[in-house]
Amino acid sequence: MPRLSEVIAALDALWPPASAEDWDAVGTVCGDPDQEVSRVLFAVDPVQEIVDEAVKLGADLLVTHHPLYLRGTTTVAASNFKGRVVHTLIKNGIALHVAHTNADRADPGVSDALAGALDLRVVGPLVPDPSDADGRRGLGRVCELDHPLTVREFAARAAERLPATAQGIRVAGDPEALVRTVAVSGGSGDSLFADVRAAGVDAFLTADLRHHPASEARAHSPLALLDAAHWATEWPWCELAAAQLDEISDRHGWDLRVHVSKTVTDPWNSHSPSPGAPN
(Lines give C-alpha, C1' and ligand atoms only; values in the text may rest on other atoms or scores of the structure.)
Protein backbone atom coordinates (compact mmCIF):
# COMPACT_ATOMS: atom_id res chain seq x y z
CA MET A 1 0.00 0.00 0.00
CA PRO A 2 1.22 3.53 -0.70
CA ARG A 3 1.98 6.02 2.02
CA LEU A 4 -0.15 9.15 2.31
CA SER A 5 2.78 11.28 1.10
CA GLU A 6 2.92 9.26 -2.14
CA VAL A 7 -0.81 9.62 -2.80
CA ILE A 8 -0.70 13.35 -2.03
CA ALA A 9 2.23 13.79 -4.43
CA ALA A 10 0.13 12.16 -7.16
CA LEU A 11 -2.85 14.41 -6.38
CA ASP A 12 -0.67 17.52 -6.35
CA ALA A 13 0.61 16.55 -9.82
CA LEU A 14 -3.01 16.51 -11.02
CA TRP A 15 -3.94 19.77 -9.29
CA PRO A 16 -0.77 21.76 -8.47
CA PRO A 17 -1.31 23.79 -5.29
CA ALA A 18 0.63 26.69 -6.82
CA SER A 19 -2.15 27.17 -9.39
CA ALA A 20 -4.75 27.91 -6.69
CA GLU A 21 -5.97 31.46 -6.15
CA ASP A 22 -4.01 33.49 -3.58
CA TRP A 23 -6.99 33.61 -1.22
CA ASP A 24 -7.59 29.87 -1.34
CA ALA A 25 -6.69 27.19 1.24
CA VAL A 26 -5.75 23.97 -0.52
CA GLY A 27 -3.59 20.98 0.35
CA THR A 28 -3.51 18.55 3.26
CA VAL A 29 -5.44 19.65 6.34
CA CYS A 30 -4.58 16.68 8.56
CA GLY A 31 -2.90 13.31 8.21
CA ASP A 32 0.40 11.54 8.91
CA PRO A 33 2.56 11.51 5.75
CA ASP A 34 3.83 8.02 6.68
CA GLN A 35 0.44 6.40 7.20
CA GLU A 36 -0.63 3.79 4.67
CA VAL A 37 -3.60 4.45 2.40
CA SER A 38 -5.85 1.73 1.04
CA ARG A 39 -9.25 3.42 0.67
CA VAL A 40 -10.06 6.95 -0.53
CA LEU A 41 -13.36 8.86 -0.51
CA PHE A 42 -14.06 11.89 -2.74
CA ALA A 43 -16.72 14.48 -1.84
CA VAL A 44 -17.52 18.16 -2.38
CA ASP A 45 -17.86 19.31 1.24
CA PRO A 46 -15.80 18.43 4.35
CA VAL A 47 -18.84 18.41 6.62
CA GLN A 48 -19.56 16.04 9.51
CA GLU A 49 -21.97 13.93 7.46
CA ILE A 50 -19.23 13.21 4.92
CA VAL A 51 -16.62 12.55 7.59
CA ASP A 52 -18.98 10.07 9.28
CA GLU A 53 -19.39 8.39 5.90
CA ALA A 54 -15.60 8.14 5.56
CA VAL A 55 -15.41 6.54 9.02
CA LYS A 56 -18.13 4.02 8.17
CA LEU A 57 -16.43 3.23 4.86
CA GLY A 58 -13.07 2.67 6.55
CA ALA A 59 -11.37 5.32 4.41
CA ASP A 60 -7.81 6.40 5.14
CA LEU A 61 -8.06 9.56 3.04
CA LEU A 62 -10.89 11.99 2.36
CA VAL A 63 -10.43 14.32 -0.62
CA THR A 64 -12.84 17.26 -0.85
CA HIS A 65 -13.25 20.14 -3.26
CA HIS A 66 -14.20 22.73 -0.67
CA PRO A 67 -11.73 23.78 2.03
CA LEU A 68 -12.47 23.16 5.69
CA TYR A 69 -10.74 26.34 6.88
CA LEU A 70 -10.87 28.86 4.05
CA ARG A 71 -10.21 31.88 6.28
CA GLY A 72 -7.97 30.22 8.83
CA THR A 73 -8.67 29.54 12.48
CA THR A 74 -7.13 29.80 15.93
CA THR A 75 -8.79 26.67 17.33
CA VAL A 76 -9.77 23.13 16.41
CA ALA A 77 -11.73 22.60 19.64
CA ALA A 78 -14.48 20.02 19.23
CA SER A 79 -16.92 22.55 20.70
CA ASN A 80 -17.53 23.88 17.15
CA PHE A 81 -18.52 21.88 14.06
CA LYS A 82 -15.25 22.33 12.17
CA GLY A 83 -13.28 21.31 15.22
CA ARG A 84 -15.46 18.20 15.55
CA VAL A 85 -14.63 17.35 11.93
CA VAL A 86 -10.91 17.55 12.68
CA HIS A 87 -11.25 15.49 15.87
CA THR A 88 -13.28 12.80 14.09
CA LEU A 89 -10.74 12.59 11.28
CA ILE A 90 -7.71 12.32 13.56
CA LYS A 91 -9.32 9.87 16.00
CA ASN A 92 -10.14 7.57 13.10
CA GLY A 93 -6.82 7.93 11.27
CA ILE A 94 -8.35 9.67 8.25
CA ALA A 95 -6.38 12.29 6.35
CA LEU A 96 -8.12 15.26 4.70
CA HIS A 97 -6.84 16.79 1.47
CA VAL A 98 -8.40 19.73 -0.39
CA ALA A 99 -8.26 20.57 -4.11
CA HIS A 100 -10.29 23.74 -4.76
CA THR A 101 -9.37 26.47 -7.27
CA ASN A 102 -6.34 24.41 -8.33
CA ALA A 103 -8.85 21.75 -9.44
CA ASP A 104 -10.95 24.47 -11.11
CA ARG A 105 -8.00 25.54 -13.27
CA ALA A 106 -6.72 22.02 -14.04
CA ASP A 107 -6.89 20.18 -17.35
CA PRO A 108 -9.13 18.30 -16.92
CA GLY A 109 -10.80 20.08 -14.05
CA VAL A 110 -14.11 20.90 -12.42
CA SER A 111 -15.67 22.58 -15.44
CA ASP A 112 -14.56 19.76 -17.77
CA ALA A 113 -16.43 17.33 -15.52
CA LEU A 114 -19.48 19.60 -15.58
CA ALA A 115 -19.34 19.80 -19.39
CA GLY A 116 -19.00 16.03 -19.58
CA ALA A 117 -22.05 15.51 -17.39
CA LEU A 118 -24.04 17.70 -19.80
CA ASP A 119 -22.67 15.92 -22.89
CA LEU A 120 -20.97 19.09 -24.18
CA ARG A 121 -17.84 19.26 -26.33
CA VAL A 122 -15.18 21.47 -24.71
CA VAL A 123 -13.64 24.00 -27.08
CA GLY A 124 -11.31 25.65 -24.55
CA PRO A 125 -11.11 27.50 -21.22
CA LEU A 126 -13.38 30.48 -20.62
CA VAL A 127 -10.57 32.34 -18.82
CA PRO A 128 -7.27 30.86 -20.04
CA ASP A 129 -4.40 30.42 -17.62
CA PRO A 130 -1.64 32.69 -19.02
CA SER A 131 1.01 30.28 -17.75
CA ASP A 132 -0.33 27.47 -19.96
CA ALA A 133 1.27 27.63 -23.41
CA ASP A 134 -1.13 24.96 -24.69
CA GLY A 135 -4.16 27.06 -23.77
CA ARG A 136 -6.00 24.22 -22.06
CA ARG A 137 -5.99 25.24 -18.39
CA GLY A 138 -8.04 28.02 -16.84
CA LEU A 139 -11.38 28.87 -15.27
CA GLY A 140 -14.63 27.71 -16.85
CA ARG A 141 -15.04 26.13 -20.26
CA VAL A 142 -16.48 27.21 -23.60
CA CYS A 143 -18.46 24.35 -25.11
CA GLU A 144 -20.54 23.31 -28.08
CA LEU A 145 -23.67 21.16 -28.17
CA ASP A 146 -23.80 18.18 -30.52
CA HIS A 147 -27.00 19.69 -31.98
CA PRO A 148 -28.94 22.88 -31.21
CA LEU A 149 -31.42 22.82 -28.34
CA THR A 150 -33.85 25.44 -27.12
CA VAL A 151 -33.08 27.04 -23.79
CA ARG A 152 -36.00 25.07 -22.36
CA GLU A 153 -34.59 21.78 -23.70
CA PHE A 154 -31.06 22.52 -22.52
CA ALA A 155 -32.35 23.39 -19.04
CA ALA A 156 -34.25 20.09 -18.99
CA ARG A 157 -31.04 18.25 -19.96
CA ALA A 158 -29.17 19.96 -17.12
CA ALA A 159 -31.92 19.11 -14.64
CA GLU A 160 -31.81 15.48 -15.75
CA ARG A 161 -28.03 15.04 -15.92
CA LEU A 162 -26.90 16.91 -12.80
CA PRO A 163 -27.53 15.51 -9.30
CA ALA A 164 -31.03 16.29 -8.04
CA THR A 165 -31.32 19.24 -5.66
CA ALA A 166 -34.20 21.24 -4.22
CA GLN A 167 -33.28 24.20 -6.43
CA GLY A 168 -33.19 22.39 -9.76
CA ILE A 169 -32.27 24.75 -12.60
CA ARG A 170 -33.32 28.40 -12.65
CA VAL A 171 -33.47 29.99 -16.11
CA ALA A 172 -33.32 33.58 -17.35
CA GLY A 173 -33.95 34.14 -21.05
CA ASP A 174 -36.25 33.23 -23.92
CA PRO A 175 -37.18 29.56 -23.39
CA GLU A 176 -37.47 29.02 -27.15
CA ALA A 177 -34.15 30.64 -28.13
CA LEU A 178 -31.69 28.22 -29.72
CA VAL A 179 -28.52 27.22 -27.89
CA ARG A 180 -25.49 26.09 -29.91
CA THR A 181 -22.65 27.26 -27.68
CA VAL A 182 -22.45 27.32 -23.89
CA ALA A 183 -20.05 28.59 -21.25
CA VAL A 184 -19.97 26.51 -18.07
CA SER A 185 -18.30 27.14 -14.74
CA GLY A 186 -18.62 24.84 -11.74
CA GLY A 187 -19.43 26.71 -8.55
CA SER A 188 -20.07 30.46 -8.24
CA GLY A 189 -19.76 32.05 -11.66
CA ASP A 190 -21.23 35.53 -11.72
CA SER A 191 -17.77 37.14 -11.58
CA LEU A 192 -17.19 35.77 -15.10
CA PHE A 193 -19.92 37.63 -17.00
CA ALA A 194 -17.48 39.85 -18.91
CA ASP A 195 -15.58 36.75 -20.08
CA VAL A 196 -18.83 35.01 -21.02
CA ARG A 197 -19.93 37.98 -23.13
CA ALA A 198 -16.51 38.10 -24.79
CA ALA A 199 -16.86 34.42 -25.67
CA GLY A 200 -20.04 35.17 -27.60
CA VAL A 201 -21.88 32.08 -26.39
CA ASP A 202 -25.65 31.56 -26.41
CA ALA A 203 -25.96 30.44 -22.78
CA PHE A 204 -24.07 30.36 -19.49
CA LEU A 205 -24.57 27.56 -16.95
CA THR A 206 -23.11 28.05 -13.49
CA ALA A 207 -24.24 28.46 -9.86
CA ASP A 208 -24.95 31.12 -7.22
CA LEU A 209 -26.11 33.80 -9.66
CA ARG A 210 -27.04 36.93 -7.72
CA HIS A 211 -29.86 39.32 -8.63
CA HIS A 212 -27.90 42.38 -9.77
CA PRO A 213 -25.15 40.67 -11.81
CA ALA A 214 -27.76 38.45 -13.49
CA SER A 215 -30.05 41.41 -14.22
CA GLU A 216 -27.19 43.41 -15.68
CA ALA A 217 -26.03 40.47 -17.77
CA ARG A 218 -29.51 40.08 -19.25
CA ALA A 219 -29.61 43.81 -20.03
CA HIS A 220 -26.31 43.58 -21.93
CA SER A 221 -27.34 40.80 -24.33
CA PRO A 222 -29.85 38.00 -25.01
CA LEU A 223 -27.50 35.57 -23.23
CA ALA A 224 -29.52 32.82 -21.53
CA LEU A 225 -28.60 32.10 -17.91
CA LEU A 226 -28.96 28.72 -16.24
CA ASP A 227 -28.40 28.73 -12.49
CA ALA A 228 -27.89 25.33 -10.86
CA ALA A 229 -27.12 24.46 -7.25
CA HIS A 230 -23.47 25.06 -6.33
CA TRP A 231 -22.98 21.52 -5.03
CA ALA A 232 -24.56 19.97 -8.14
CA THR A 233 -22.22 21.77 -10.55
CA GLU A 234 -19.12 20.55 -8.68
CA TRP A 235 -20.11 17.00 -7.77
CA PRO A 236 -19.27 15.59 -11.26
CA TRP A 237 -15.63 16.49 -10.55
CA CYS A 238 -15.61 13.90 -7.75
CA GLU A 239 -16.26 11.16 -10.29
CA LEU A 240 -13.60 12.55 -12.65
CA ALA A 241 -11.05 12.86 -9.83
CA ALA A 242 -11.79 9.35 -8.58
CA ALA A 243 -11.24 7.96 -12.08
CA GLN A 244 -7.93 9.83 -12.32
CA LEU A 245 -6.73 8.40 -9.00
CA ASP A 246 -7.91 4.92 -10.05
CA GLU A 247 -5.72 5.18 -13.15
CA ILE A 248 -2.72 6.29 -11.08
CA SER A 249 -3.33 3.45 -8.63
CA ASP A 250 -3.41 0.88 -11.44
CA ARG A 251 -0.24 2.30 -12.97
CA HIS A 252 1.67 2.10 -9.68
CA GLY A 253 0.14 -1.18 -8.51
CA TRP A 254 -1.27 0.49 -5.40
CA ASP A 255 -4.59 -1.39 -5.46
CA LEU A 256 -6.44 1.58 -3.94
CA ARG A 257 -10.17 1.33 -3.40
CA VAL A 258 -11.56 4.68 -4.53
CA HIS A 259 -15.11 5.82 -3.75
CA VAL A 260 -17.31 8.83 -4.51
CA SER A 261 -19.80 10.04 -1.93
CA LYS A 262 -23.34 10.33 -3.24
CA THR A 263 -24.48 12.12 -0.10
CA VAL A 264 -26.19 15.39 -1.05
CA THR A 265 -24.57 18.18 0.96
CA ASP A 266 -26.32 21.04 -0.80
CA PRO A 267 -27.64 23.14 2.13
CA TRP A 268 -31.09 23.64 0.55
CA ASN A 269 -33.34 20.63 1.09
CA SER A 270 -36.82 21.69 -0.03
CA HIS A 271 -38.53 24.02 -2.49
CA SER A 272 -42.02 25.53 -2.52
CA PRO A 273 -42.86 27.10 -5.90
CA SER A 274 -44.87 30.32 -5.85
CA PRO A 275 -48.49 29.78 -7.00
CA GLY A 276 -48.81 30.88 -10.60
CA ALA A 277 -45.04 31.20 -11.06
CA PRO A 278 -43.71 30.70 -14.61
CA ASN A 279 -42.39 27.23 -15.36
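See the structure shown above.
Residues numbered from 1 in each chain as written. Predicted model: local features only at pLDDT ≥ 70, side-chain atom pairs only at ≥ 80, totals over all residues. Heavy atoms only, no water.

A.B. asks: Just to check I follow, could you spell out helix H8 (residues 211-220) for this structure?
C.D. replies: Every α-helical turn comprises 3.6 residues, leaving residues that sit three or four positions apart pointing alike. All of the buried residues in H8 are Pro213, Ala214 and Ala217. Buried residues of H8, viewed axially, fall in a sector of 95 degrees; they line one side. With respect to the buried face of H8, the exposed residues turned more than 90 degrees away are His211, His212, Glu216 and Ala219. On its buried side, H8 packs onto helix H7 (193-199) and strand E10 (224-228). (Buried < 20%, exposed > 50% of the residue type's maximum accessible area, 1.4 Å probe, protein only. Helix = DSSP H or I, 4+ residues; strand = E, 2+ residues; numbered from the N terminus. Arc of directions from axis to C-beta. Contact = heavy atoms within 4.5 Å.)

A.B. asks: Help me understand the sheet that holds strand E11 (residues 257-260), please; the structure alone is not making it clear to me.
C.D. replies: Strand pairs in the sheet, formed through backbone hydrogen bonds, run parallel or antiparallel to each other. The sheet built from five strands is open, its strands ordered E1-E4-E3-E2-E11 with mixed pairing. Two strands bound the open sheet, and with one partner strand each, they are strand E1 (27-30) and E11. Between one strand axis and the next, the sheet turns through 25 degrees on average, direction left out of account. The strands touched by helix H9 (residues 230-252) are strand E2 (39-43), strand E3 (61-64) and E11; relative to E11, the strand with the most contacts, the crossing angle is about 175 degrees. (Pairing = 2+ DSSP bridges. Axes fitted to C-alpha atoms, helices over the stretch in contact; angles between N-to-C directions.)

A.B. asks: What's the story with the pairing of strand E6 (residues 138-150) in this structure? I'm lost.
C.D. replies: Two faces make up the sheet, and in a regular strand the side chains alternate between them. Bridge count between strand E5 (residues 121-128) and E6: six bridges; the pairing is antiparallel. Following the sheet pairing, glycine 124 is matched in E6 by valine 142. With six bridges joining them, E6 and strand E8 (residues 178-188) adopt antiparallel strand pairing. When the sheet's bridge partners are listed, threonine 150 is paired in E8 with leucine 178.

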